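The primary structure of each chain is shown beneath.
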Amino acid sequence: MKILIIGGGGREHALAWKIAGDDPGAELFIAPGNAGTAMLGTNLPVQAEDIAGIISWAKKEKPDLTIVGPEAPLCAGITNLMQAEGLRVFGPSKEAARLEGSKIFAKEILRAANVPTAAAEFFTEESKALAYLKTRPLPLVVKADGLAAGKGVMICKTLPEAERAVQETLTAKTFGQAGEKILIEECLAGEEISVLAFVDGHKAVLLPTARDHKRVFENDQGPNTGGMGAYSPAPVENAVFMETARKIIFEPVIAELDRRGICYRGVLYAGLMLTAEGPKVLEFNCRFGDPETQVILPRLQNSLIPAFTACIEGKLRPEHAAARLENCACVVMAAGGYPGKYRKGDVITGLERAAKLEGVTVFHAGTKSEGEKIVTAGGRVLGVTALGRDISGAVKKAYQAAGRIKFKNAHYRRDIAARQ
């Protein structure tokens, strides 16, 4: 089976690793991939955002299945374009991917479906937004409507902070076209949790939960990042919670999309806040999370390909998301300075030694090969992941493995899963 995976981060390495382990006969191509995916398949010199380049390759090579990792190509309509060529794709259509591509659209769907979420108003004019700020209790959250590489959400504790966020987004165009519209939203309090589900257009089957660590420093200090680590399952996970999330969040959203003529097929990722009133939706993503994927996939009992096929064909079953009993933890090793300016090209050592630990897998994110060496090539460099009988055992093993890996100015948090 010929499979194309679009993307080049830790999520895509995890997808390739899972598929290669479950289906050794699969022929994997990754666009563009990284040094880790190169060990499992063939990296293609095509960037994930190069829709025309990917379509050209796919028309010629005709993969049996394409798996889209990042949000940008999904929101640009790559699924629609590939399906028009008669190709099978795992990932939602452009219309369905608006759940991530437009926070305003997502909020409209949530409201129409009566799904619990934060109160919010939308603005395109700075003067009206600034006037609204003065009428609302603090803290507030200012969000750019469109895709902003994970940087378009600002939690504002004071009125001057909120005013600055509005001005930088709407007037200074800090986030470009993504910030032409904004949401001003109440700031929810509680614990965050990531809940992902396979969706086949009508049904949702929930995957094991995860909890991400977004801030760059310990104790959730410093700027937000793409994610500095994760663990699975989240402490709140139990049969009652999962059934509640399916019934009050996923099923109503799928039904509301269907009512509008939008068929959602793929992974739907709900970022939830566990408030005193119950779970509320913070945001939707239309793809696997990163680094959540690195802790969810090692816990899945069954092969991904039948699950992806079931989503595409509308034949999803609960066993497609069946989980192992082991817990899993991922520690992200980042380049010094990330998420700001950081170096590239530093040699990474100790990878083989780390991977020799039982239950440990090192997922590559920002890496590339230079001859016999593997060097840093991004902000988040590696996701050091470990399975354990419980969370503490998994975390201990992940840190033991991370300690064996070296590159200049390597940085990682020392408190992954410390607060459960």
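Everything below is about the structure printed above this text.
### Side note on the sheet that holds strand β11 (residues 204–206)
Neighbouring strands of a sheet are bound in pairs by backbone hydrogen bonds; such pairs are parallel or else antiparallel.
In step 1: What the four strands build is an open sheet, ordered β11-β10-β16-β17; its pairing is antiparallel. Two strands bound the open sheet, and with one partner strand each, they are β11 and β17 (278–285). Neighbour-to-neighbour, the strand axes of this sheet turn through a mean angle of 35 degrees, independent of strand direction.
In step 2: Bridge count for strand β16 (residues 265–275) against β17 is seven bridges, and the pairing is antiparallel.

### Some details on the side chain of Ser194
In step 1: Along the polypeptide, Ser194 turns up in strand β10 (residues 191–200).
In step 2: With a relative accessible area of 4%, Ser194 lands in the buried category.
In step 3: One polar contact links Ser194 to Tyr269, side chain to side chain, over a distance of 3.1 Å.
In step 4: Those residues within four positions of Ser194 in sequence are excluded, and the remaining contacts are Thr209, Ala210, Tyr269, Ala270 and Glu292.

### As for the layout of surface pockets
In step 1: A volume near 340 Å³ is recorded for the second largest pocket.
In step 2: Lining the second largest pocket are 16 residues, and of these Met39, Leu351, Ala355, Val362 and His364 sit closest to its centre.
In step 3: For the lining of the second largest pocket, the secondary structure elements donating two or more residues are α1 (10–22), α12 (351–355), β19 (360–364) and β21 (373–376).
In step 4: Per-element tally for the lining of the second largest pocket: the top contributor is β19, with four residues.

### Some words on the pairing of strand β7 (residues 140–144)
In step 1: Counting buried residues along β7, five of its five residues qualify, which places the element largely inside the surrounding structure.
In step 2: In β7, alternate side chains face the same way, and those of Leu140, Val142 and Ala144 on one face and Val141 and Lys143 on the other are all buried.
In step 3: Across four bridges, β7 lies against strand β8 (residues 153–156) in antiparallel orientation. Of the residues in β8, the one forming a bridge with Leu140 is Cys156.
In step 4: Two strands pair when backbone bridges link them, and β7 and strand β9 (residues 182–186) are joined in this way by five bridges, in the antiparallel orientation. For Val141, the partnering residue across the bridge sits in β9 and is Glu185.

The rules behind these values
- Residues numbered from 1 in each chain as written.
- Predicted model: local features only at pLDDT ≥ 70, side-chain atom pairs only at ≥ 80, totals over all residues.
- Heavy atoms only, no water.
- Pairing = 2+ DSSP bridges.
- Helix = DSSP H or I, 4+ residues; strand = E, 2+ residues; numbered from the N terminus.
- Axes fitted to C-alpha atoms, helices over the stretch in contact; angles between N-to-C directions.
- Buried < 20%, exposed > 50% of the residue type's maximum accessible area, 1.4 Å probe, protein only.
- Polar contact = N/O pair within 3.5 Å; in protein donor to acceptor, adjacent residues only side chain to side chain.
- Contact = heavy atoms within 4.5 Å.
- 1 Å grid on protein atoms, 1.4 Å probe; cavity = no way out; pocket = protein on both sides within 12 Å on 5 of 7 lines; lining within 4 Å.
- Points joined across faces, edges and corners; volume = space filled by probe spheres on them.

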